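Results of the structural survey
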Amino acid sequence: MKALVINQYGGPEQLRMQEIAIPDRGKGELLVRIHAAGVNPVDFKIRNGSMKFITGSRFPRILGGDIAGVVEQADPRSSYRPGDKVFGMLSLKGGGYAEFVIMKESQVCLIPEGLGMTDAASIPLAALTALQALRKGGNIKPGDRVLVNGASGGVGIFAVQIAKAEGAYVTAICSARNTEFVRSLGADQVIDYNAEDFTKVRSRYMKVFDAVAKSSFYKCSKILEKGGRYITTVPNKGLFFFQSLNFTRSKKAGFIMAKPSGSDLGFIADLIDQGLLRTHVQKVFPLENGSGAHELIETERVRGKLVLSVI
Ligand SMILES: NC(=O)c1ccc[n+]([C@@H]2O[C@H](COP(=O)([O-])OP(=O)(O)OC[C@H]3O[C@@H](n4cnc5c(N)ncnc54)[C@H](OP(=O)(O)O)[C@@H]3O)[C@@H](O)[C@H]2O)c1
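**Re the overall build of the protein**
- A count of helical and extended segments in the protein gives 10 helices and 16 strands.
- Since a compact globule built from 311 residues should have a radius of gyration of about 19 Å, the 19 Å found for the protein is in line with a globular shape.
- Seen through its C-alpha atoms, the protein measures out along the principal axes to roughly 55 × 40 × 40 Å.
- Residues classed as buried in the protein amount to 47% of the 311 residues present.
- When contacts within the protein are restricted to residue pairs at least 6 apart in sequence, those whose partners lie at least 24 apart make up 65%.

**Quick notes on the domain arrangement of the protein**
- Each assigned domain of the protein is listed here: domain 1 (2-123 + 279-309) and domain 2 (127-255).
- Summarising the inter-unit geometry, the C-alpha centres of domain 1 and domain 2 are found 28 Å apart.
- Taken together, the contact between domain 1 and domain 2 spans eight residues of the former and eight residues of the latter.
- Tallied by class, the residues present in the side of domain 1 that touches domain 2 amount to three nonpolar, three polar and two charged.

**Side note on the site of the ligand**
- Residues in close proximity to the ligand total 32 residues, the closest being Gly153, Gly154, Ser175, Thr233 and Ala258.
- Mapped onto the shell around the ligand, the elements with two or more residues apiece are helix H1 (41-47), helix H4 (124-135), helix H5 (154-165) and strand S10 (169-174).
- The biggest single contributor to the shell around the ligand is H5, with three residues.
- In terms of residue class, the shell around the ligand is built from 16 nonpolar, 11 polar and five charged.
- Among the domains, domain 1 (2-123 + 279-309) and domain 2 (127-255) are the pair contributing at least three residues each to the shell around the ligand.

Reading the values: rules and limits
- Residues numbered from 1 in each chain as written.
- Predicted model: local features only at pLDDT ≥ 70, side-chain atom pairs only at ≥ 80, totals over all residues.
- Helix = DSSP H or I, 4+ residues; strand = E, 2+ residues; numbered from the N terminus.
- Rg over C-alpha atoms; globule rule 2.2 N^0.38 Å.
- Buried ≥ 20, exposed ≤ 12 C-beta atoms within 10 Å, placed from the backbone.
- Contact = placed C-beta atoms within 7 Å.
- Domains from an automatic or database assignment.
- Nonpolar A, V, L, I, M, F, W, Y, C, P; charged D, E, K, R; others polar.
- Near = placed C-beta within 6 Å.

Below, the structure is given as C-alpha cells:
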C-alpha cells in the first residue's frame, strides 16, 4: 500500500510517500481502507521528535490519528461488515496517513448518514478530546457556565458545540477574525483575546477548557466558581503542581489525554445526527502533499480542521 511516512524525526520535508506492506489483521480487529485522514497538531509534534520519549525510534513511521474509510475485512462475528463506512481515532502509534489501517473495533463507529468521508475524518481525535475534557470531573449540567479558550481551533469548535448541546452557557475565546465563525457554532458570548483578557472578566465559570493551552490554572482560577475545574490540553510543571493540590482545594486543575473510544464517538455521531454538531474543514490536501498540511497546522492559525484525501 502507499503510505506517507517519516524515516527520521525532523521538518515537514521528512514526510515521504513509500510502499509499505498492508498490516496484518488480528482477532477482533478490522482492516479499513482509508478514504481520508485528519491532521492534528500532535502529528507535527511526533514528526519533529518533540514526543520521542513516547514514540521511540522505530522507522519508517506512519503518522495520523484520525481516519474515515470502509471496512475491508472483519471477523465473521464482528459487529462490523465489509463495506461498512467507519471513522475512528488511532492511538499515538498512528497509521492514518496510508491506504489501509488496522483498527480495533472499540476504536471505531459507523459514520452518520449523510456525512462525507472528508468531514468524518476531521472529527474523531479533536471531538473526543473536547468531549472527554468537558466530562472530566463530572458532566456539565444545563445552565453551567463554560468557557472555551481557542474556540476556533480543531478541539475548540467541538468543545463549543458539545457544551451547548449539554445545555451550558458558553463563552468562547478567539481572535476577531474568527468571532462570527465561533458565534455560528452556537457560542453565547465571544471574547476577542486581543481586545480583552478573559482571565480578568467578572463572570465565573464551572469549567474553563483551555483547548489551545495558552493560559494557566493560576490565571484562570480567578474566574472559576467554587467547585469549578480548569482543564488544559497540554500540561506543564505549573499545572502538575496545582493538580497535586486538588484534594485540598475546591477549584480543581487538570489536563486531558484523549483516548480512542468507539462509544464516545457514538455519542458524537448522535449529536451529528440530531444536527447539534458539525465540523469545519478549512482545507483538504492530497496525501502526497501532507507536508503542506503540516506547514499550515504548525502556524497554529487553522480555523477548524485540515484533512488529507487518500482516495
Ligand atoms: N492532550 C490531548 O489529548 C490533546 C488532544 C488534541 C489536541 N491537543 C493539543 O491541543 C492544542 C490545540 O489543538 P487544536 O487541534 O485545537 O489546534 P489548532 O486547530 O491548530 O488550533 C488553531 C486555532 O487556535 C487559535 N489560537 C491560536 N493562538 C490562540 C490564543 N493565544 N488564544 C486563543 N486561540 C488561539 C487559532 O485562532 P486565531 O488564529 O484566531 O488565533 C486557531 O483557530 C494543541 O497543542 C494540541 O497538540 C492535545
